Amino acid sequence: MDIVNRSDMQLAEKAARERWEMSDDQRSNVVSQLVAIIADPSAKNREKIAASRALAAFDRLNVDEKPKTRTNVNLNLELSERKKDLRRRIEGLTGSDDDQGS
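Description of the structure in this document. (Residues numbered from 1 in each chain as written. Predicted model: local features only at pLDDT ≥ 70, side-chain atom pairs only at ≥ 80, totals over all residues. Heavy atoms only, no water.)

What follows covers the nonpolar core. Proteins that are soluble and globular tend to have nonpolar side chains buried together. Counting residues in hydrophobic clusters, the biggest one holds 13 residues, and the most contacted among them are I3, M9, A12, V30, L34, I37 and F58. Of all the elements, helix α3 (residues 45-65) adds the most residues to this core, at 5 residues. (Core = buried A, V, L, I, M, F, W, Y, C linked by side-chain atoms within 4.5 Å. Buried < 20%, exposed > 50% of the residue type's maximum accessible area, 1.4 Å probe, protein only. Helix = DSSP H or I, 4+ residues; strand = E, 2+ residues; numbered from the N terminus.)

Okay, helix α2 (residues 24-39) next. For α2, with 16 residues, the first-to-last C-alpha span of 22 Å sits near the 22 Å given by 1.5 Å per residue. For α2, the set of buried residues is R27, V30, Q33, L34 and I37. Projected down its long axis, α2 shows its buried positions confined to an angular sector of 130°, all on one face. Turned more than 90 degrees from where α2 packs its buried face, D24, D25 and A39 sit exposed. (Expected span 1.5 Å × (residues − 1). Arc of directions from axis to C-beta.)

The next subject is unusual backbone geometry. Residues other than glycine seldom take positive phi values, yet R19 does so here, at roughly 55°. Mapped onto the fold, R19 is located in the loop between α1 (6-17) and α2. Residue classification places R19 among the partly exposed positions, given a relative accessible area of 46%.

This part is about the pattern of salt bridges. Under the definition given, this model contains 1 salt bridge. A salt bridge links R17 to E13; its shortest N-O distance comes to 3.7 Å. With R17 and E13 both in helix α1 and 4 residues apart, the pair spans about one turn of that helix. The exposure class assigned to R17 is partly exposed, which follows from its relative accessible area of 47%. On the accessibility criterion, E13 (18% relative accessible area) is buried. (Salt bridge = Lys/Arg side-chain N within 4 Å of Asp/Glu carboxyl O.)

All right, on to a nonpolar patch on the surface then. A cluster of nonpolar side chains, M1, L11 and W20, forms an exposed patch at the surface whose accessible area comes to about 280 Å². Looking at the element boundaries, L11 is found in helix α1. (Patch = residues over 30% accessible without salt bridge, like charges linked within 9 Å, V, L, I, M, F, W, Y side chains within 5 Å. Areas by Shrake-Rupley, 256 points an atom, 1.4 Å probe, with all protein chains shown as cover.)

In structure tokens, the structure reads:
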């Protein structure tokens, strides 16, 4: 796809938003053209804005495709103290001390 005018940029944006099937080479080519339009000092502001919107749509697509990572965080900061307290309570209920192994 050759991006020549604003309607081409809008079509590229729609393709990204609607996740039209395209190869990695096609996607790379479109993104390169959009970046070139944004960097072109002779491009009109409307063209740069349209290219920026299309590029943002492709970027959003990349973010959505990244694998989600899960991070487990233990928010109970007093866990070791609770374990000690539970151990004392169990020992108090069972009447056992550290002499059980002897």
